[in-house]
Amino acid sequence: MHKRLIVFLMTLCFSFTQSYGSGFSIYEQGTKSMAMAGAFVAQANDASAIFYNPAGITSLKGWNVALGGTIIQPQAHFIGPTAKDPNLYNAAKKETFFPPHLYVSYAMNEKLSVGLGVYAPFGLASDWGKDWPGKYLATRSELEAVFINPVVAYKVMENLSVAVGFEYAIAKVNLQKVVNYPIRNVDVYSTLEASTTGMGFNLGLQYKVTERLTLGAAYRSNVLLEFKDGDATFDYPALDANDPEQQVILAELKALFPNTKGSADLKLPTLTAVGIAYDFTEKLTAEFDYLLIGWSSYDVLKVKFKDPVGGKTETISERKYQNSASYRFGMEYRLNEKLALRAGYMRDNHAVPDERVEPSLPEGDRNIYNIGFGYKMGNITVDFAYMLLLQDDREITNSVDDFNGKYESLANLYGLTIGYAF
């Protein structure tokens, strides 16, 4: 029984990190790019280049400001668990999220440009309710991460630009789940909250091989998030104050699950992107990008507690995430000087191994379809995009949490960005 208790406590301690994975990486940080499935590293010809490839801002004149966001409406279902009922249907709560983005660039002269981006590249949440079969793994998992990213870009030659930027990240997590005290068969509701900041850098390169052919490359470093003195709190069941036995149980729960502080270091992944864009005609441009997200940096997690939880002040867990790749293809057709039509497709591969998939991050391989348009009115540009994300059903048979079943997910995304150049 004591071994079971330690296992439950360990999964409690580790769960707050499971919000990270390709399923919670938000690459839709500019609507023009979003309409072309994110295939934008080589083109990088609007202010959102600060995120996709900052070297591209050297092609922008004067001041450029872009403000927008993406409405994200995910849906997730779990069928199982197999050991209980292989046909049991569980639906996560439907929610709407709106990660915003803001970009400002300025061409100081013909060669030197500077810019600033504010965006949320990691986020979203999953909420399965407090009384479902997977409540001991996750009930609600929430992540917020905002990056502030100043950049400097320089045109080395007429056809070659390079850039470097500094990243300052502000992150917050809130994880909730149920923990069972097996000796008494009593449930305790847990909440883990923590916030921190971290720093990193990004690089960009843009090379115009010919008038029609452009190559691009971008890199984002790891960002170390040192969560210190996060709050680990527990809601104990309502017990009869006049019943001595129940008060003994309450005392045991408070001793084993004290409200305390916890600390852990998490390393966000690197991102490497390369792209090739080609102007087939004066009106038609197509681009192909390859992205690699370095999730293998999330291999082992160590959590330290100020007060013992389950008799331990430190726990270690192996997560063994894998690097994930995506392949993106997008096109833009410019009908005239004002209106441009866009479309794209991407294949996004999973980061979490089968045995590690669980409800707080039910991610998998995805096919993603995009359409959109841009309309220019003088100095103002309005971009709109729609994305349909269809995730492959993922049936788990070897879960380390003994929670096997099938995950199904999809999402609808709507992007809008308004730009102003002067």
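Residues numbered from 1 in each chain as written. Predicted model: local features only at pLDDT ≥ 70, side-chain atom pairs only at ≥ 80, totals over all residues. Heavy atoms only, no water.

The chain appears in an unreviewed UniProt entry as Long-chain fatty acid transport protein from Caldithrix abyssi DSM 13497. UniProt, in the comment section headed Sequence similarities (unreviewed entry), describes the chain in these words: "Belongs to the OmpP1/FadL family." One UniProt comment on the chain, placed under Subcellular location (unreviewed entry), says "Cell outer membrane". (UniProt positions renumbered as here; feature names shortened; annotations may be inferred.)

Student: Just to check I follow, could you spell out the overall build of the chain for this structure?
Tutor: A tally of helices and strands in the chain yields 4 helices and 21 strands. Relative to a compact globule of 422 residues, whose C-alpha radius of gyration would be 22 Å, the chain shows 24 Å and is just as compact. Its C-alpha atoms give the chain principal-axis dimensions of roughly 80 × 40 × 35 Å. Accessible area of the chain: about 18500 Å², with a carbon and sulfur share of 58%. Between the averaged position of the 39 positive side-chain charges in the chain and that of its 46 negative side-chain charges there is a distance of 3 Å. (Helix = DSSP H or I, 4+ residues; strand = E, 2+ residues; numbered from the N terminus. Rg over C-alpha atoms; globule rule 2.2 N^0.38 Å. Areas by Shrake-Rupley, 256 points an atom, 1.4 Å probe, with all protein chains shown as cover. Lys, Arg positive; Asp, Glu negative; His and termini not counted. Charge placed at Lys NZ, Arg CZ, Asp CG, Glu CD.)

Student: Please clarify how the environment of Tyr345 should be interpreted in this entry.
Tutor: Structurally, Tyr345 can be placed in strand β17 (residues 339-348). For the pair formed by Tyr345 and Ala92, sequence separation is 253 residues and the distance between their alpha carbons is 27 Å. Excluding its chain neighbours within four sequence positions, the residues that come into contact with Tyr345 are Ala37, Tyr327, Arg328, Phe329, Asn367, Ile368, Tyr369 and Asn370. Among the polar contacts made by the side chain of Tyr345, one reaches the side chain of Asn367 at a distance of 2.6 Å. (Contact = heavy atoms within 4.5 Å. Polar contact = N/O pair within 3.5 Å; in protein donor to acceptor, adjacent residues only side chain to side chain.)

Student: Looking at this structure, how should I read the nonpolar core?
Tutor: Nonpolar side chains in soluble globular proteins tend to be buried together. Judged by nonpolar contacts, the single largest core of 61 residues is most densely connected at Tyr27, Ile57, Tyr103, Phe122, Phe147, Leu225 and Phe227. Each residue touching Tyr27, except ones within four places of it in the same chain, is listed here: Gly38, Val41, Phe51, Tyr52, Leu271, Ala273, Leu291 and Arg328. Of all hydrophobic cores here, the second largest spans 15 residues; its members include Met346, Ile368, Met387 and Ala411. (Core = buried A, V, L, I, M, F, W, Y, C linked by side-chain atoms within 4.5 Å. Buried < 20%, exposed > 50% of the residue type's maximum accessible area, 1.4 Å probe, protein only.)

Student: When you look at the pairing of strand β21 (residues 405-421) in this model, what are you seeing that I'm missing?
Tutor: Here strand β1 (residues 63-79) pairs with β21 via 16 bridges, running antiparallel. Looking at β21, one finds that Thr70 is bridged to Gly415. Pairing of strand β19 (residues 380-391) with β21, which is carried by 11 bridges, proceeds in the antiparallel orientation. Looking across to β21, one finds that Leu389 is bridged to Ala411. As paired strands, strand β20 (residues 394-396) and β21 are joined by 3 bridges and run antiparallel to one another. In the strand pairing of β21, Ile396 is matched with Gly405. (Pairing = 2+ DSSP bridges.)

Student: It is not clear to me how the packing of aromatic side chains should be interpreted in this structure. Could you clarify?
Tutor: Evaluated as defined, the whole model comprises 24 aromatic pairs. Relative to Tyr219, the ring of Phe201 has its centre 6.0 Å away and its plane inclined at 45°; by these criteria the two rings are tilted. Here the residue Phe201 occupies a position in strand β8 (residues 186-208), and Tyr219 occupies one in strand β9 (residues 213-220), the gap between them amounting to 18 residues. Here Tyr219 falls in the partly exposed class, since its relative accessible area comes to 28%. One residue, Lys130, lies across the ring of Tyr189, its end atom 4.7 Å from the ring centre. (Phe/Tyr/Trp six-rings, centres within 6.5 Å; stacked < 30°, edge-to-face > 60°. Lys NZ or Arg CZ within 6 Å of the ring centre and 35° of its normal.)

Student: Got a minute to help me understand the pattern of salt bridges in this structure?
Tutor: A side chain with one charge can pair with a side chain of the opposite charge if their charged atoms come near. Tallying each qualifying case throughout the model produces 17 salt bridges. The partner of Arg334 in a salt bridge is Glu332, with the nearest N and O atoms 2.7 Å apart. The partner of Arg342 in a salt bridge is Glu332, with the nearest N and O atoms 2.8 Å apart. With Arg342 in strand β17 and Glu332 in strand β16 (residues 324-334), this pair connects stretches of sequence that are 10 residues apart. What makes Arg342 buried here is its relative accessible area of 8%. (Salt bridge = Lys/Arg side-chain N within 4 Å of Asp/Glu carboxyl O.)

Student: Sorry, what's going on with the environment of Tyr219 here?
Tutor: When the C-alpha atoms of Tyr219 and Pro81 are compared, they prove to be 40 Å apart, with 138 residues separating the residues in sequence. With residues near it in sequence (within four places) discarded, Tyr219 still touches Phe201, Asn202, Leu203, Thr270, Leu271 and Thr272.

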